[in-house]
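Overview (structure and organization)
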Amino acid sequence: MRLEAAARMDVFRKLWSARNMIVVVFIPLALLPLPLIHPTSEACCAYVLMVTAVYWVSEAVPLGAAALVPAFLYPLFGVLKSSEVAAEYFKDTTLLLMGVICLAASIEKWNLHKRIALRMVMIAGAKPGMLVLGFMCCTVFLSMWLSNTSTTAMVMPIAEAVLQQLICTGLADSQDDSETADAPEDDSAVLDEQEKRDRNQLKLIYHSNSDDRTKQELATFSEAHSGEVNGLSLKPVSNQDFIGNTNGHMSQVAVEIPNVKRVKARRDSQYPTKKDHMICKCLTLSITYAATIGGLITITGTSTNLIFAEQFNTRYPDAKVINFGTWFIFSFPIAIIMLVLTWLWLHFLFLGCNFRETCSLSKKRKTKREIISERRIHEEYEKLGTISYPEVVTGVFFVLMTLLWFTREPGFVPGWTSLFEKKGYRTDATVSVLLGFLLFLIPARRPFSSSSSSSCCRNTESDPLAPMITWKDFQRLMPWEIVILVGGGYALAAGCKVSGLSVWIGRQLEPMSGLPPWAVTLLACLLVSTVTEFASNPATLTVFLPILSTLSETLLINPLQTLIPATMCVSFGVMLPVGNPPNAIVFSYSHLQISDMVKAGFGVNLIGVAVVMLAITTWGVPLFNLNEFPAWAAARNVTGSL
């Protein structure tokens, strides 16, 4: 019996290890009877859609590879020509993304993101509550322009250095963790006293016995914990390692400085107190949530926004309502409300409700550890030196790109595109690509400055005309997988339109016509936010957008009333490490458990859905004219039914 059970377990293990291959082979074969029994365009398109959707949700193959399925199945089944499918894989949003990545590469190369993050944290201070809020604000700002994953990867090392400084200070003197000291007006006096104490702690006493045998004893003038002195570990060394002086003191001792990036210790000994552990949890989670919130603000903030914009503009070419300005006006209040509510939720969950203790800006209420943490942040900022010429150029391009996006077609006044005779030729991608192209041309060194005195030469080659960014810098950040994934979504949408599958789906959804518009929107938000916890955000949105568009047309609801909330809620996959890459990044720092992410993420999910519903039923109504079924959607509905 035992041998049979072991054999069965071995078979199960082999099947589990080969699960991806089984899905890749079994799903197309299992669904193949659909186009064979019903050889219609709708059935063939449905077959391609289901196979691609299963590949995306299961991630049996990489997302980019799964997005190529329509490229060969549509021509094979006669749904679209190969040239027609290929044209769907490169759209206007691809150029928009490429220009933004050029700017992001320059920001990262010249450490402008680090300067912005450290400056914001310095303003917020080292009180736990204000520290979390400061990191959230700088993460939201960066995530508006960079991808959520890049922002999280940039900010987390800074946050981890601050957290490890708190942990090391607590290991040295954990009993003073909750004591507050009256700080003098000049903080330098406190810091000088701390430095003197640190030096005194490392004084070593050398004792000699009366016999010829030598014995060394290491002692300190203050308490140490398990051989650790203020976060410094003293290695046991042999007699040969010591160099003795005539006064009996050692001139050298081996000192091991712990790595501030990651502490690989047991969980029960890593944190001096439970409060320290709670601060670590709160700060790490706040960064991934802030990156998600920041990505909602701009149309280029995250890939799902770009997918929505391109699919919407492709499906409804006569609708001139979605651009950088209108999206920002709608989403910015959402982000501000979510930022405040998420901070309050995390503070309540991990730091309690004593806001006076954790958020006070008074110097007299600062603990010794908070003062040392502030010093650490100031030291990191001082390492950056004075602002360099490439940072100034990057900042100017950053502001210029934003202004040109806002003023292209603001809506309430004529934009700069009205200066041109031909209308409709210039989009946000035009601005993005133009400025991105200029970054490959502008030298990274200040004109007419000597190479020896230039402070920006540290990242450039010997060539005095080396540009702000190189193609390698761009290629390192360019998410080509997302580009192919977005193209696959466009191809699926085109196939559904040409084959008539979207019309057939709309007819099946007619029984929902009795529901009020807000109920349809709420159901879409809850469905999308649930599915995205287990599937990738771009894949989830790519599958649901055509369905929701058809549903809105069938129910005679403004499509924006369902598409915009669904696009925003698809980013709320924050309950599991596999929900999105930022979650996986913060989870890898070993401060969190799955239960922590589920508990905190569930609250953030509810906050997000509630705020999005509030927005779409209040200021979204006059902004997008949601009270009536628009003419551009009616024209699309009539065309699709013919």
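Each chain has its residues counted from 1, following the order in which its sequence is written. Confidence filtering applies because this is a predicted model: local features only for residues at pLDDT of at least 70, side-chain atom pairs given and counted only at 80 or more, and all residues used for totals across whole chains, interfaces and linings. Side-chain descriptors were evaluated using all non-hydrogen atoms of the structure, hydrogens and water having been removed beforehand.

**What about the overall build of the chain?**
A tally of helices and strands in the chain yields 30 helices and 3 strands. Only protein chains enter the area calculation, which uses a 1.4 Å probe; residues under 20% of their type maximum are buried, those over 50% are exposed, and those in between are partly exposed. Put simply, the chain has 642 residues, and 50% of those count as buried. Contacts spanning at least 24 positions in sequence make up 77% of the contacts within the chain whose residues lie at least 6 apart. Helix and strand assignments follow DSSP, with helices taken as H or I runs no shorter than four residues and strands as E runs no shorter than two, numbered in order from the N terminus. When checking whether two residues touch, look at their non-hydrogen atoms; a contact exists if any pair is within 4.5 Å.

**Some thoughts on the pattern of salt bridges**
For salt bridges, the criterion is a side-chain nitrogen of Lys or Arg within 4 Å of an Asp or Glu carboxyl oxygen. Throughout the structure, instances matching the rule amount to 6 salt bridges. The partner of aspartate 10 in a salt bridge is lysine 14, and the shortest N-O contact between them spans 3.5 Å. Of this pair, aspartate 10 and lysine 14 both sit in helix α1 (residues 2–17), 4 residues apart, roughly one helical turn. Where arginine 476 meets glutamate 108, a salt bridge forms, and the shortest distance between an N and an O atom there is 3.2 Å. Of the two residues, arginine 476 sits in helix α21 (residues 471–477) while glutamate 108 sits in helix α8 (residues 92–109), which places them 368 residues apart along the sequence. You can call glutamate 108 partly exposed: its relative accessible area is 23%.

**Regarding the packing of helix α24 (residues 517–531) against helix α25 (residues 537–554)**
Look at α24 against α25: their axes get within 11 Å of each other, and the N-to-C directions meet at 165°. As the angle between them shows, α24 and α25 are arranged roughly antiparallel. When you trace α24 past α25, the crossing you get is right-handed. Along the contact surface, α24 presents Val520, Ala524, Leu527, Val528 and Val531, while α25 presents Thr540, Phe544, Leu548 and Leu551. Each residue is assigned to one class: nonpolar for Ala, Val, Leu, Ile, Met, Phe, Trp, Tyr, Cys and Pro, charged for Asp, Glu, Lys and Arg, and polar for all the others, Gly among them. For the contact of α24 with α25, a count of residues per class yields 8 nonpolar, 1 polar and no charged. All axes are obtained by fitting lines to C-alpha atoms, using only the stretch in contact for helices, and the reported angles, taken between N-to-C directions, cover 0 to 180 degrees. To sort the angles, those under 35 degrees are grouped as roughly parallel, those over 145 as roughly antiparallel, those from 65 to 115 as roughly perpendicular, and the leftovers as oblique. In this scheme, a crossing is called left-handed if the near helix is turned counterclockwise away from the far one by less than a right angle; it is called right-handed if the turn is clockwise.

**Let's talk about helix α15 (residues 303–315)**
The span you would expect from a helix comes to 1.5 Å times its residue count less one. For α15, built from 13 residues, the straight-helix expectation of 18 Å at 1.5 Å per residue is met to within 8% by its first-to-last C-alpha distance of 18 Å. Of all 13 residues in α15, 11 are buried; the element is thus mostly enclosed. Listing the buried residues of α15 in full gives Ser303, Thr304, Asn305, Leu306, Ile307, Phe308, Ala309, Glu310, Gln311, Phe312 and Arg315.

**What to know about the layout of surface pockets**
The rolling of a water-molecule-sized probe over the atoms marks out the regions of remaining empty space. Here the term cavity refers to a set of points on a 1 Å grid, laid over the protein atoms alone, in which a 1.4 Å probe fits but cannot get out; the term pocket refers to an open set having protein on both sides within 12 Å along at least five of seven lines, with lining residues being those that place an atom within 4 Å of a point. Grid points are joined across faces, edges and corners, and a volume is the space filled by probe spheres set on the points. Of the voids in this model, the largest pocket is the one considered here, and its volume is about 910 Å³. For the largest pocket, the lining is made up of 40 residues, of which Ser147, Thr149, Ser303, Ile482 and Pro581 are closest to its centre. Elements with a minimum of two residues in the lining of the largest pocket: α8, α11 (148–172), α15, α21, α22 (480–499), α25 and α27 (581–587). Looking at the lining of the largest pocket, the element that brings in the most residues is α8, giving 7 residues. Partitioning the lining of the largest pocket into residue classes produces 19 nonpolar, 17 polar and 4 charged.

**Quick look at the confidence of the model for the chain**
Regions with low pLDDT should not have their predicted coordinates read in detail. The predictor attaches a confidence to each residue, and that confidence, scored 0 to 100, is pLDDT. Of the residues in the chain, 76% have a pLDDT of 70 or more, and the chain-wide mean is 76. A low-confidence stretch, residues 171–269 (pLDDT under 50), is modelled with 122 contacts involving residues beyond four sequence positions or located in other chains.

**Side note on the nonpolar core**
Here, the term nonpolar core denotes a set of buried Ala, Val, Leu, Ile, Met, Phe, Trp, Tyr and Cys residues that are joined through side-chain atoms within 4.5 Å. Membership of the largest hydrophobic core comes to 130 residues, with the highest contact counts inside it found for Phe135, Phe308, Phe312 and Leu560. Non-local contacts of phenylalanine 308, meaning those with residues more than four positions away in its chain, are made with Ile322, Trp327, Leu541, Leu545, Leu560, Leu563, Ile564 and Thr567. Residues Leu63, Val69, Tyr89 and Ala491 belong to the second largest nonpolar core, which totals 30 residues.

**Here's the deal with the packing of helix α16 (residues 324–351) against helix α26 (residues 560–569)**
As a packed pair, α16 and α26 sit with axes 13 Å apart at the nearest point and diverge in direction by 50°. In terms of orientation, α16 lies oblique with respect to α26. α26 is crossed by α16, and the crossing has right-handed handedness. Note on element contacts: α26 touches α16 through Ile564, Thr567 and Met568, opposite Trp327, Phe330, Ser331 and Ile334. Residue composition of the contact of α16 with α26, grouped by class: 5 nonpolar, 2 polar and no charged.

**A few points about the packing of aromatic side chains**
Between 30 and 60 degrees the pair is tilted, below 30 it is stacked and above 60 it is edge-to-face, where a pair is any two Phe, Tyr or Trp rings, Trp via its six-membered ring, whose centres lie within 6.5 Å. Within this structure, the stated rule accounts for 15 aromatic pairs. A network of ring pairs unites the aromatic residues Phe308, Phe312, Tyr316, Trp327 and Trp632 as a single cluster. Two thresholds decide whether a charge sits over a ring: the Lys NZ or Arg CZ must be within 6 Å of the ring centre and within 35 degrees of the ring normal. If you follow arginine 19 out to its NZ or CZ, it ends over the ring of tryptophan 16, 4.2 Å from the centre. Above the ring of tyrosine 381, the side-chain terminus of arginine 115 is found at 5.6 Å from the ring centroid.

**Some points on unusual backbone geometry**
One non-glycine residue, leucine 556, lies in positive phi territory at about 55°. Leucine 556 gets classed as exposed once you look at its relative accessible area, which sits at 54%. Although it is not a glycine, asparagine 625 sits at a positive phi angle of roughly 55°. One can find asparagine 625 in the loop between α29 (620–624) and α30 (631–641).

**Thoughts on α22**
Look at α22: 29 Å from first C-alpha to last across 20 residues, which is about the 28 Å you get at 1.5 Å a residue. Just beyond α22, the residue with positive phi is glycine 500, at close to 90°.

**Points about a nonpolar patch on the surface**
On the surface, Met9, Val11, Phe12, Leu15, Ile22 and Phe26 cluster together into a nonpolar patch covering about 580 Å² of accessible area. For the nonpolar patch, the secondary structure elements donating two or more residues are α1 and α2 (19–31). Top element by residues in the nonpolar patch is α1. It accounts for 4 residues. Tracing the chain through its elements places phenylalanine 26 in helix α2. Note on phenylalanine 26: relative accessible area 52%, which makes it exposed. To count toward a patch, a residue needs a relative accessible area above 30% and no salt bridge. Like charges then connect within 9 Å, nonpolar side chains (Val, Leu, Ile, Met, Phe, Trp, Tyr) within 5 Å. The accessible surface values rely on the Shrake-Rupley method and a 1.4 Å probe; as for residues, cover is taken only from the protein chains in view.

**Focus on the side chain of lysine 281**
Relative to the helices and strands, lysine 281 resides in helix α14 (residues 274–295). In contact with lysine 281, other than residues within four places in its own chain, are Phe350, His591, Leu592 and Asp596.

**Regarding the environment of tyrosine 389**
Structurally, tyrosine 389 is set in helix α19 (residues 389–408). By relative accessible area, which is 17% here, tyrosine 389 ends up buried. Residues tyrosine 389 and tryptophan 110 lie 279 residues apart in sequence; the distance between their C-alpha atoms is 9.5 Å. Non-local contacts of tyrosine 389, meaning those with residues more than four positions away in its chain, are made with Pro443, Ala444, Arg445, Arg446 and Pro447.

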